[in-house]
Amino acid sequence: MAKNTSPIYWTLLNHKDWNIPIAASGKGLVFVGFQHQPFQDLSAWVEKHFRGTPLIENHEKLLPYRNQLIEYLQGERKDFSLPLDYKGTPFQREIWKSLNQIPYGQTRSYSDIANAIGKPSSVRAVGTAIGANPILISIPCHRVIGKNGTITGYRGGWDMKIELLELERKHSVI
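Predicted model, so just to flag it, every value in this text is computed and none were measured. Residue positions within a chain follow its written sequence, with the count starting from 1. In keeping with the predicted nature of the model, local features appear solely for residues at pLDDT of at least 70, side-chain atom pairs appear and are counted solely at 80 or more, and the whole-chain, interface and lining totals rest on all residues. To get the side-chain values, take all heavy atoms of the structure and skip hydrogens and water.

**Some words on the overall build of the protein**
Move 1: A run of H or I in DSSP becomes a helix once it reaches four residues, and a run of E becomes a strand once it reaches two; helices and strands are each numbered from the N terminus. In terms of regular secondary structure, the protein is built from six helices and six strands.
Move 2: Starting at the N terminus and walking to the C terminus, you meet the elements of the protein as β-β-β-α-β-α-α-β-α-α-β-α.
Move 3: Taken over C-alpha atoms, the radius of gyration is set against a globule rule of 2.2 Å times the number of residues to the power 0.38. Over its C-alpha trace the protein gives a radius of gyration of 16 Å, about what one expects of a compact globule, namely 16 Å for 174 residues.
Move 4: Residue burial in the protein is summarised as follows: out of 174 residues, 47% are buried.
Move 5: Restricting the contact set of the protein to residue pairs at least 6 apart, pairs at least 24 apart contribute 59%.
Move 6: On the protein, the mean spot of the 21 positive side-chain charges and the mean spot of the 15 negative ones are 7 Å from each other. The buried label applies to any residue whose accessible area, calculated with a 1.4 Å probe on protein chains only, is under 20% of its type's maximum; exposed applies above 50%, and partly exposed to all values in between. Here, two residues are considered to be in contact whenever any of their heavy atoms come within 4.5 Å of each other. His residues and chain termini do not enter the charge count, which takes Lys and Arg as positive and Asp and Glu as negative. Here the site of a charge means NZ on Lys, CZ on Arg, CG on Asp, or CD on Glu.

Spelled out as structure tokens, the structure:
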């Protein structure tokens, strides 16, 4: 793989109790991490998915993404309008796109997602793809729960998932 000279920019989103690393390429948001995630996790992820790409801290370049995420965390934004730069397999990208179809304040099961993409027997693969989602919150994998309505695993941890679901329920118009 040729060395990429276009940098990935990153910053920490600090808002109230939230402290989340975020990163973007020149094409869009590539990474939204989880609470208090170590910088080394972000650095390793960038090296794996953007091999040889410089990783540069730049608060200003991330400001539009940061602002939309803060608006979401304040309950003022239900949809994101800035570009995303997915890095994943075609199957993963299909799953991540389907997650964006889950309305704010609602949830779906892994089976619902598998059925939505026309692959009802791929529930485990759907779960694996959801777990690989690098753009938490903006690609709302927190909206996926167990078929019986239970809270299931989340890369950001159960506390973060519960907090995001409660935030959406609080600000949803039903």
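**Considerations on the side chain of His142**
Move 1: Within the secondary structure, His142 is located in the loop between α5 (123-131) and β6 (144-145).
Move 2: Identification of polar contacts relies on pairs of N or O atoms within 3.5 Å, with a donor-acceptor requirement for protein atoms, meaning one able to donate a hydrogen and the other able to accept it, and with residues adjacent in sequence counted only if both atoms are side-chain atoms. Polar side-chain contacts of His142 include one of 3.3 Å to the side chain of Tyr72.

**Topic: unusual backbone geometry**
Move 1: In this model, His36 sits at a positive phi of 55 degrees, which is unusual for a non-glycine residue.
Move 2: Along the chain, His36 turns up in the loop between β3 (29-32) and α1 (39-49).
Move 3: Within the chain, Ile137 stands out as a residue other than glycine whose phi angle is a positive 70 degrees.
Move 4: Tracing the backbone shows Ile137 in the loop between α5 and β6.
Move 5: Judged by its relative accessible area of 2%, Ile137 is buried.

**Some thoughts on the pairing of β3**
Move 1: The rule for pairing is simple: two strands pair if DSSP sees at least two bridges between them. Sheet topology places strand β2 (residues 18-24) next to β3; three bridges connect them, and they run antiparallel. Bridging from a neighbouring strand, Ile22 pairs with Val32 of β3.

**Description of the nonpolar core**
Move 1: The nonpolar core is taken to be a set of buried Ala, Val, Leu, Ile, Met, Phe, Trp, Tyr and Cys residues, with the residues joined through side-chain atoms within 4.5 Å. Judged by nonpolar contacts, the single largest core of 38 residues is most densely connected at Val32, Leu99, Ile137 and Met160.
Move 2: For this core, the element with the highest residue contribution is helix α2 (residues 59-73), accounting for six residues.
Move 3: Split by domain, the residues of this core number at least three in each of domain 1 (8-74) and domain 2 (90-171).
Move 4: What Val32 contacts, discounting residues up to four positions off in sequence, is Ile20, Pro21, Ile22, Leu69, Pro134, Ile135, Leu136, Ile137, Ser138 and Arg155. The split into domains, and so the bounds of each, comes from an automatic or database assignment of domains.

**Thoughts on the pairing of β2**
Move 1: For β2, the buried fraction is high: seven of the seven residues fall into the buried class.
Move 2: Residues Trp18, Ile20, Ile22 and Ala24 of β2 are buried on one face, and the alternating residues Asn19, Pro21 and Ala23, pointing to the opposite face, are buried as well.
Move 3: As paired elements, strand β1 (residues 8-15) and β2 share seven bridges and run antiparallel to each other. Counterpart to Leu13 in the pairing with β2 is Ile20.
Move 4: Two successive antiparallel strands, β1 and β2, enclose a turn made up of two residues, where Lys16 displays a positive phi of approximately 50 degrees.

**A closer look at the UniProt feature "domain: Methylguanine DNA methyltransferase ribonuclease-like" (unreviewed entry) in the protein**
Move 1: UniProt positions are given in the numbering used here, feature names are shortened, and annotations may be inferred rather than shown by experiment. Per the UniProt record, "domain: Methylguanine DNA methyltransferase ribonuclease-like" (unreviewed entry) is annotated on residues 8-86.
Move 2: Its end C-alpha atoms 13 Å apart, residues 8-86 is made of 33% helix and 28% strand.

**As for the pattern of salt bridges**
Close approach of charged atoms allows side chains with opposite charge to pair.
Move 1: Any Lys or Arg side-chain nitrogen located within 4 Å of an Asp or Glu carboxyl oxygen qualifies as a salt bridge. Under the counting rule described, the total for this entry stands at four salt bridges.
Move 2: The residue Asp85 makes a salt bridge to Lys87 at a minimum N-O spacing of 3.9 Å.
Move 3: With relative accessibility at 9%, the residue Asp85 sits in the buried group.
Move 4: When the shortest N-O distance is used, the salt bridge between Arg143 and Glu168 registers 2.8 Å. Of this pair, Arg143 sits in the loop between α5 and β6 while Glu168 sits in helix α6 (residues 158-171), placing them 25 residues apart in sequence. Assigned by exposure class, Arg143 and Glu168 land together as buried.

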